[in-house]
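# Summary of structural features
Next come the chains, spelled out residue by residue.
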Amino acid sequence: MRARTQVGIVGAGPAGLVLAHLLRQAGVSSVVLESRSREYVESRVRAGLIENRTVELLDRHGLADRLRERGMPHLGTELRSFGRRLRIPYGEGADGRAMVVYPQQDLVADLIRLWLDGGGELHFEVEDVSLAGLDGGRPVISYRYGGGVSREVECDLVAGCDGSHGVCRGHVPEGAMTELSQDIPIAWLGVLARIGPSTDEIIYSLHEHGFAGHMLRTSEVSRFYLQVRPGEPLEEWPDDRIWAELQARLQSPGWTLAEGPIFQKNVADMRSVVVEPMRWRSLFLLGDAAHIVPPTGAKGMNLAIGDAGVLAAAIAEWCAGGDARQLDEYSDACLTRVWRAQEFSLWMTALVHRMSDDPHQRRLQRARFDSLMASPAARRTFAESYAGLN
Ligand code: FAD
Ligand code: PHB
């Protein structure tokens, strides 16, 4: 069976789903293919903090109703370093633009529901996705679904939105894209606990044992992260050890951390990776398929949705009048923001993690925190990068 569409989208994460919606609104057809089940992608725990410009983009396209209704505005973030506390505001004042706390899986569920309700085509649990004809004008995506039925989709362009373990990038000939990366020798153990937050605002804390983060979800559920070694086995982290480390690493005089049952745990290694350019012929890479940022800056999903905004506008222009200029500029247009996010995320990672035992490095780390404590301008710069204000 062969179907035809204008844009074949591989991956129903934030990048692929937002792209599909924006294209539909511009009158461009697409088909979305997803290797996991609907239940799986709607419950996969990932990001929780969304930049204001991302919310505005979703709002402009009528995709943020539930996010506006249920998300919590977030007006500042707290940094703790060896007992010192510093709140950095960003959602206040003349140009105040709040971030929003809203779980990624809820946004994904909203986008899927709106897409299917509007008659959009989305196939879950597809297997053996393979691309052909990328260097000609008519690429074809072949895949299997429903336990073995083979299908093909012929399209004009392919959007590789299949995340960091996807298959699209593997179809680019060697040498046509360059991967630039930096190893980061740490990982985050993430947990979800059934307990209301002990803070109104996200806390990033540095302690002798390493980083701990108190993030937010709902009034009944909180998200926490602990710095661990890459590949750390979860068995080494029974719940009582997790709470003991969170208590130690987040401690601050006069502040208490409430504990509750932990119902989800995972370990995510940290990486900084960028693939350049983000396009080869008819294949465009978006989001985690093209770049991975350390989670410290909360940038990954925002970048993924940003890529979708840039590509949708370029495809709409090309489909409307044949002008390929924006398509040709897609990669450069995205990479400026991507590299700035990499730089900030790595800087922030080095600020709040135990990166080294070298006393010289650790004194430099303290000096970075001193600058933030001392300088309103330094805090403003942090806020601009963190909240995505420029
Ligand atoms: P994904 O969400 O990975 O979606 C890709 C989709 O493609 C998946 O559904 C996958 O199943 C599917 N797929 C894969 N292979 C195939 C295939 N062969 N065929 C079909 N489908 C396929 N970002 C933020 O902005 N804010 C945060 O607060 C934040 N916190 C984070 C915390 C942690 C611990 C981690 C690990 C990440 C965090 N991120 C955060 C990053 C964010 O979750 C990702 O950057 C985001 O999911 C990227 O979206 P995407 O659409 O590019 O990729
Ligand atoms: C989250 O809410 O999961 C979250 C928030 C901020 C980060 C990373 C993750 O930097």
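The structure contained in this document is the topic of the report that follows. Keep in mind that this is a model prediction, so the values were computed, not measured. (Residues numbered from 1 in each chain as written. Chains lettered and ligands numbered in written order. Predicted model: local features only at pLDDT ≥ 70, side-chain atom pairs only at ≥ 80, totals over all residues. Heavy atoms only, no water.)

## What about the nonpolar core?
For clarity, the cut-off: As used here, the term nonpolar core means buried Ala, Val, Leu, Ile, Met, Phe, Trp, Tyr and Cys residues forming a set that is joined through side-chain atoms within 4.5 Å. Three exposure classes are used, based on accessible area relative to the maximum for each residue type with a 1.4 Å probe and protein chains only: buried under 20%, partly exposed in between, and exposed over 50%. Put simply, DSSP marks the helices as runs of H or I at least four residues long and the strands as runs of E at least two long, and each gets a number from the N terminus on. Contacts between residues were defined by any pair of non-hydrogen atoms, one from each residue, lying within 4.5 Å.
The biggest cluster of nonpolar side chains holds 72 residues, and the ones touching the most others in it are Ile-9, Leu-19, Leu-67, Leu-107, Leu-286 and Leu-311. If you tally residues by element for this core, the top one is helix H7 (residues 300–321), at nine residues. Setting aside residues up to four positions removed in sequence, Leu-286 forms contacts with Ala-15, Leu-19, Ala-159, Gly-160, Cys-161, Asp-307, Ala-308, Leu-311 and Tyr-330.

## A short note on the sheet that holds strand E12 (residues 149–154)
Through backbone hydrogen bonds, the strands of a sheet pair up, either in parallel or in antiparallel fashion. How we decide: Strand pairing follows a simple DSSP-based rule, namely that at least 2 bridges must link the two strands. Note on definitions: angles span 0 to 180 degrees between N-to-C directions of axes, and those axes are lines fitted to C-alpha atoms, for helices only across the stretch in contact.
Taken in spatial order, the four strands line up as E1-E12-E11-E10 in an open sheet, and their pairing is mixed. The sheet is open, and its two borders are formed by strand E1 (2–4) and strand E10 (127–132), each paired with just one other strand. Pairs of neighbouring strands in the sheet enclose a mean axial angle of 20°, with direction left out of account. When strand E11 (residues 140–145) meets E12, the two strands line up antiparallel, connected through six bridges. Paired with Tyr-145 across the bridge in E12 is Val-149.

## Some points on the sheet that holds strand E20 (residues 283–285)
Read from one edge to the other, the open sheet built from six strands follows the order E9-E3-E2-E13-E20-E19, with strand pairing classed as mixed. Two strands in the sheet have a free side with no partner beyond their single neighbour: strand E9 (121–123) and strand E19 (279–280). Judged from the two bridges that link them, E19 and E20 form a sheet pairing that is antiparallel. Note that in E20 the partner of Arg-279 across the bridge is Phe-284. Together, strand E13 (157–160), E19 and E20 form the strand contacts of helix H8 (residues 325–352), whose direction differs from that of E20 by roughly 40°.

## Here's the deal with the packing of helix H1 (residues 14–25) against helix H5 (residues 104–117)
Rules: Less than a right angle of anticlockwise turn of the near helix away from the far helix marks a crossing as left-handed, whereas a clockwise turn marks it as right-handed. Polarity classes work like this: nonpolar for Ala, Val, Leu, Ile, Met, Phe, Trp, Tyr, Cys and Pro, charged for Asp, Glu, Lys and Arg, and polar for all others, with Gly in that last group.
Close contact between H1 and H5 brings their axes to 10 Å; oriented N to C, the two are set at 35°. The handedness of the crossing between H1 and H5 is left-handed. Packed against H1, whose contacting residues are Pro-14, Leu-17, Val-18, Ala-20, His-21 and Arg-24, the element H5 presents Gln-104, Val-108, Leu-111, Ile-112, Leu-114 and Trp-115 at the interface. Broken down by class, the residue content of the contact of H1 with H5 amounts to nine nonpolar, two polar and one charged.

## Regarding helix H10 (residues 376–387)
In plain terms, the rule: To estimate how far a helix should reach, multiply one less than its number of residues by 1.5 Å. Each direction from the helix axis to a C-beta atom contributes to the arc, which is the arc of those directions.
In this model H10 runs 16 Å from its N-terminal to its C-terminal C-alpha over twelve residues, within 8% of the 16 Å that 1.5 Å per residue would give. When H10 is considered as a whole, its buried residues turn out to be Phe-382, Ala-383, Tyr-386 and Ala-387. Around the axis of H10, the buried residues are gathered within 100° of arc, so they sit on the same side. In the stretch just after H10, Gly-388 is the one whose phi turns positive, near 70°.

## Observations regarding the packing of H8 against H10
The criterion, for reference: Should an angle fall under 35 degrees it is taken as roughly parallel, and over 145 as roughly antiparallel, whereas 65 to 115 is taken as roughly perpendicular and any remaining angle as oblique.
Packing of H8 against H10 brings their axes to within 10 Å, and their N-to-C directions diverge by 120°. As the angle between them shows, H8 and H10 are arranged oblique. At the point where H8 passes H10, the crossing takes the left-handed sense. Note on element contacts: H10 touches H8 through Phe-382, Ser-385 and Tyr-386, opposite Phe-344, Trp-347 and Met-348.

## Points about the environment of Phe-344
The residue Phe-344 is located in helix H8 in this model. Between the C-alpha atoms of Phe-344 and Arg-144, which are 200 residues apart in sequence, the distance is 41 Å. When near neighbours in sequence (up to four residues on either side) are disregarded, Phe-344 contacts Gly-297, Lys-299, Phe-382, Ser-385 and Tyr-386.

## With respect to the site of ligand 1
Operational definition: Only heavy atoms are used to decide nearness, and a residue is near a molecule or strand if one of them lies within 4 Å of it. Polar contacts, as counted here, are pairs of nitrogen or oxygen atoms within 3.5 Å of one another; within protein the pair requires one atom able to donate a hydrogen and one able to accept it, and residues that are adjacent in sequence qualify only if both atoms are side-chain atoms. In short, Shrake-Rupley with a 1.4 Å probe defines the accessible areas, and a residue's cover is counted only from the protein chains shown.
In the region of ligand 1, 33 residues are neighbours, and Glu-34, Arg-44, Gln-104, Asp-288 and Met-301 sit closest. The side chain of Arg-46 places a nitrogen or oxygen atom 3.2 Å from an oxygen atom of ligand 1. Between Asp-288 and ligand 1, the recorded distance is 2.8 Å, taken from a side-chain N or O atom to an oxygen atom. Protein contact buries 89% of the 1,000 Å² of open area that ligand 1 shows by itself. Here the residues of the shell around ligand 1 sort into 16 nonpolar, ten polar and seven charged.

## Thoughts on unusual backbone geometry
Geometrically, the link from Glu-276 to Pro-277 is a cis peptide bond, its omega value of -15° lying close to zero. The topology assignment puts Pro-277 in the loop between strand E18 (262–276) and E19. The phi dihedral of Ala-298 falls on the positive side, at around 55°, and the residue is not glycine.

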